[in-house]
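# Inside the fold
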Amino acid sequence: MTLSKSRSGAGLALLLLCTANFLDAMDVSTIGVALPAIQAELGMKATSLQWAVSAYVLGYGGFLLLGGRVADVFGHRRVFLWSLAVFAAASIAGGFVDSGPTLIAARLIKGIAAAFTAPAALALLLSVFGEGSARAKALGVFASTGATGFVLGMVLGGAATIFSWRATLVMGAPVAILTLVLAPLALPADQKRTGVRPAFDWAGAMTITPGLLLFVFGITNAAAVGWQAFATWASLAASLVLILLFLAVEARHADPMVPLGIFRRARLRHANAIAALFQGAYVGFQFLATLYYQNVIGWSAFTTGFCFALGGVFVMFLAPRFATIAQNRGAAGLMAAGVGLQALSYVFWVTAFGSVNPILLVILSQILLGLGYALTYPSVQVAALSDVEDDKSGLASGLLFASFQIGGGIVLAAASAVFAAAPQFGWDPYAAGIAFVALLAVAVTLLAAAGPRTSLAPPPAHQAAE
């Protein structure tokens, strides 16, 4: 009876953590297909309209390192519950916005809340499930729900827009509230510290958080108005100064927000690089393919969103299985195979579009892309967390999720620049943009194949002391 209750409690905990992870990832892309309806009702200019999407990414990417460290210091469950409550409140408030600035503010607050929820949720999962197959399966399910939420966000957003664009903002609130009600029953209480609580690194927080915010703002602004704009290069320059200052602060702080020794872990560095680049390639492809399906073929927002459903199904059902394989046999090979399949999908799309039936183009490219994403996403998480201890799991999770968000912004800005410049050279903008994404994916495949092998043993003692 006790074992049954334990299993049921762990199952409920996994369900709740995966639900929060799904909501965080879904909100990245769910509003994209609703932008025309938002513009029509709120009268937003095109230059400000894209911030309805980007504000969420700005808050999410900018606060992830802070969110991970706060969860480690003040308690994973406490931070998870408070941040999920803020997420639910901002979701409800989004349904009542009456102007562009209030919409952008609601999206920004949701992104900040997700930046605290995501690393806390992953850290809680690692504490609920011990080492071995149970953790591998749980991590696989967790990874698949995040990937599925992101991939299917456009599908759900397109369906919600049929009723109202405001539904894309509000639809996560009831699920978040139900999760809040059940979470205290299933999630483990934060352990009481026997020693002195670590001093919070305020100097580090006040340099890295605005530094990341300005960096994400700069690359997002570049995608919207170009690299030559004052707001773009000034933000990036200020970001560089703050990040360098942050590194100087951390090197001297007795209890730093981000112990710089964590960057000496080769598998963590490699996994974060792969996460940034492979996610960036996918975001760039999704952006350009969405434009093509709507502007060239003339498909509706719902049809365009539905184009990504097949890939989401692959991720949903296969990612948990691939995570178990990565946990038991190592993640490096799976990462290389996954990014390789994604590269093949992009190459097929750019060589076949315009010459094959669009439906066939979508089906074949999504089979390759969905299988590749299902291989890569959980493998990256397994590799990133393979040599960190539980007391650093929130920080490592924050680094990983920040890599996803920032990588997506950088590659999207670069792909957008290629797309805009292509006609000047007589190139088709869609072919040029996705060819750039395909070349990047090929390079990432080589990088993944050349990476360190994932150790299945516990972290070495000298790493645990870092």
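The rules behind the values
- Residues numbered from 1 in each chain as written.
- Predicted model: local features only at pLDDT ≥ 70, side-chain atom pairs only at ≥ 80, totals over all residues.
- Heavy atoms only, no water.
- Helix = DSSP H or I, 4+ residues; strand = E, 2+ residues; numbered from the N terminus.
- Buried < 20%, exposed > 50% of the residue type's maximum accessible area, 1.4 Å probe, protein only.
- Contact = heavy atoms within 4.5 Å.
- Lys, Arg positive; Asp, Glu negative; His and termini not counted.
- Charge placed at Lys NZ, Arg CZ, Asp CG, Glu CD.
- Expected span 1.5 Å × (residues − 1).
- Polar contact = N/O pair within 3.5 Å; in protein donor to acceptor, adjacent residues only side chain to side chain.
- Patch = residues over 30% accessible without salt bridge, like charges linked within 9 Å, V, L, I, M, F, W, Y side chains within 5 Å.
- Areas by Shrake-Rupley, 256 points an atom, 1.4 Å probe, with all protein chains shown as cover.
- Salt bridge = Lys/Arg side-chain N within 4 Å of Asp/Glu carboxyl O.
- Phe/Tyr/Trp six-rings, centres within 6.5 Å; stacked < 30°, edge-to-face > 60°.
- Lys NZ or Arg CZ within 6 Å of the ring centre and 35° of its normal.
- Bend = angle between axes of the 7 residues up to and from the residue.
- Axes fitted to C-alpha atoms, helices over the stretch in contact; angles between N-to-C directions.
- Parallel < 35°, antiparallel > 145°, perpendicular 65-115°, else oblique.
- Left-handed = near helix turned anticlockwise from the far one by under 90°.
- Nonpolar A, V, L, I, M, F, W, Y, C, P; charged D, E, K, R; others polar.
- Core = buried A, V, L, I, M, F, W, Y, C linked by side-chain atoms within 4.5 Å.
- pLDDT = per-residue confidence, 0-100.

### Description of the overall build of the protein chain
Within the protein chain, the secondary structure is distributed over 19 helices and zero strands. Evaluated residue by residue, the protein chain yields a buried proportion of 57% over its 466 residues. Taking the intrachain contacts of the protein chain between residues at least 6 apart in sequence as the baseline, contacts between residues at least 24 apart amount to 84%. Between the averaged position of the 23 positive side-chain charges in the protein chain and that of its 16 negative side-chain charges there is a distance of 6 Å.

### Looking at helix H18 (residues 429-449)
With 21 residues, H18 should reach 30 Å at 1.5 Å per residue; the first-to-last C-alpha distance of 31 Å fits that figure. Residues of H18 that are buried: Pro 429, Tyr 430, Ala 432, Gly 433, Ile 434, Val 437, Ala 438, Leu 440, Ala 441, Val 444, Thr 445 and Ala 448. For H18, the N-terminal capping position is held by Asp 428, with its side-chain oxygen 2.9 Å away from the main-chain nitrogen of Tyr 430.

### Here we look at a nonpolar patch on the surface
The grouping of Leu 310, Ile 359, Leu 360, Ile 363, Leu 364 and Ile 367 at the surface amounts to a nonpolar patch, some 460 Å² of accessible area in total. The element best represented in the nonpolar patch is helix H16 (residues 358-384), accounting for five residues. Counting through the fold element by element, Leu 364 comes out in helix H16.

### A look at the environment of Ser 403
Following the sequence through the fold, Ser 403 ends up in helix H17 (residues 393-421). Residue class for Ser 403 comes out buried when judged on its relative accessible area of 14%. Sequence-wise, Ser 403 and Ala 276 are 127 residues apart; in three dimensions their C-alpha atoms are separated by 4.7 Å. Setting aside anything within four residues of it in sequence, one finds Ser 403 in contact with Asn 272, Ala 275 and Ala 276.

### Describing the packing of aromatic side chains
Inspection of the entire model under this criterion finds 18 aromatic pairs. Ring centres of Tyr 292 and Tyr 293 lie 6.1 Å apart, and the angle between their planes is 65 degrees; this geometry places the pair in the edge-to-face category. Here Tyr 292 matches Tyr 293 in class, with each residue buried. Through pairs of rings, three or more aromatic residues link up here, namely Phe 285, Tyr 292, Tyr 293, Trp 299, Tyr 346, Trp 349, Phe 353, Phe 419 and Tyr 430. In this arrangement the basic side chain of Lys 110 is found over the ring face of Phe 87, its NZ or CZ atom lying 5.0 Å from the centre.

### Thoughts on helix H14 (residues 309-329)
Its 21 residues place the ends of H14 30 Å apart at the C-alpha level, agreeing with the 30 Å of an ideal helix rising 1.5 Å per residue. Within H14, the axis deviates most sharply at Leu 318, by approximately 45 degrees, and proline Pro 320 lies no more than four positions further along. Considered for burial, the residues of H14 that qualify are Ala 309, Gly 311, Gly 312, Val 315, Ala 319, Pro 320, Phe 322, Ala 323, Thr 324, Ala 326 and Gln 327. Count one or two residues on from H14 and you reach Gly 330, which has phi positive near 105 degrees.

### Re the packing of helix H5 (residues 76-94) against helix H9 (residues 173-186)
With their axes 9 Å apart at the nearest point, H5 and H9 run at an angle of 155 degrees to one another. Relative to H9, the element H5 is oriented roughly antiparallel. In this structure, H5 meets H9 at a crossing whose hand is left-handed. When H5 is examined against H9, the residues Arg 77, Phe 80, Leu 81, Leu 84, Ala 85, Phe 87, Ala 88, Ser 91 and Ile 92 are found in contact with a partner set consisting of Ala 173, Ala 176, Ile 177, Thr 179, Leu 180, Ala 183 and Pro 184. Among the residues making up the contact of H5 with H9, the classes are represented as 13 nonpolar, two polar and one charged.

### So, the pattern of salt bridges
Throughout the structure, instances matching the rule amount to four salt bridges. Where Arg 78 meets Asp 190, a salt bridge forms, and the shortest distance between an N and an O atom there is 3.9 Å. Note that Arg 78 is positioned in helix H5 and Asp 190 in the loop between H9 and helix H10 (202-225), a separation of 112 residues in sequence. Its relative accessible area of 45% is what places Arg 78 among the partly exposed residues. You can call Asp 190 partly exposed: its relative accessible area is 25%. Each member of the salt-bridge network shares a partner with another, and the members are Asp 27, Arg 107 and Lys 110.

### Overview of the environment of Lys 110
You can see Lys 110 is positioned in helix H6 (residues 100-128). Expressed as a C-alpha distance, the spacing of Lys 110 and Gly 94, which sit 16 residues apart in the sequence, is 9.4 Å. Sequence-distant contacts of Lys 110, that is, excluding residues within four places in its chain, are made with Asp 27, Tyr 56, Phe 87, Ala 90, Ser 91 and Leu 169. A polar contact is formed between the side chain of Lys 110 and the side chain of Asp 27, at a distance of 3.0 Å.

### Quick look at the nonpolar core
Residues Phe 80 and Tyr 346 are the most contacted members of the largest nonpolar core, which totals 123 residues. Contact partners of Phe 80, with chain neighbours within four places excluded, come to Leu 16, Leu 17, Ala 20, Thr 117, Ala 120, Ala 121, Leu 124, Ala 183 and Leu 187.

### Some details on the packing of helix H12 (residues 266-296) against H18
Across the interface, H12 lies against H18 with an axial gap of 10 Å and an inter-helix angle of 160 degrees. Relative to H18, H12 is oriented roughly antiparallel. The two elements H12 and H18 meet at a crossing, and its hand is left-handed. The residue makeup of the contact of H12 with H18, split by class, is 18 nonpolar, four polar and no charged.

### Focus: the side chain of Ser 235
Mapped onto the fold, Ser 235 is located in helix H11 (residues 230-252). Once you skip the residues sitting within four places of it in the chain, Ser 235 turns out to touch Leu 214, Phe 217, Gly 218 and Phe 230.

### Observations regarding the confidence of the model for the protein chain
On average, the protein chain scores 83 in pLDDT, and the residues at 70 or more come to 91%. Low pLDDT, under 50, characterises residues 1-5; the predicted model gives this stretch zero contacts beyond four residues in sequence or across chains. Contacts for the low-pLDDT stretch residues 456-466, under 50 throughout, to residues beyond four places or in other chains number 20 contacts.

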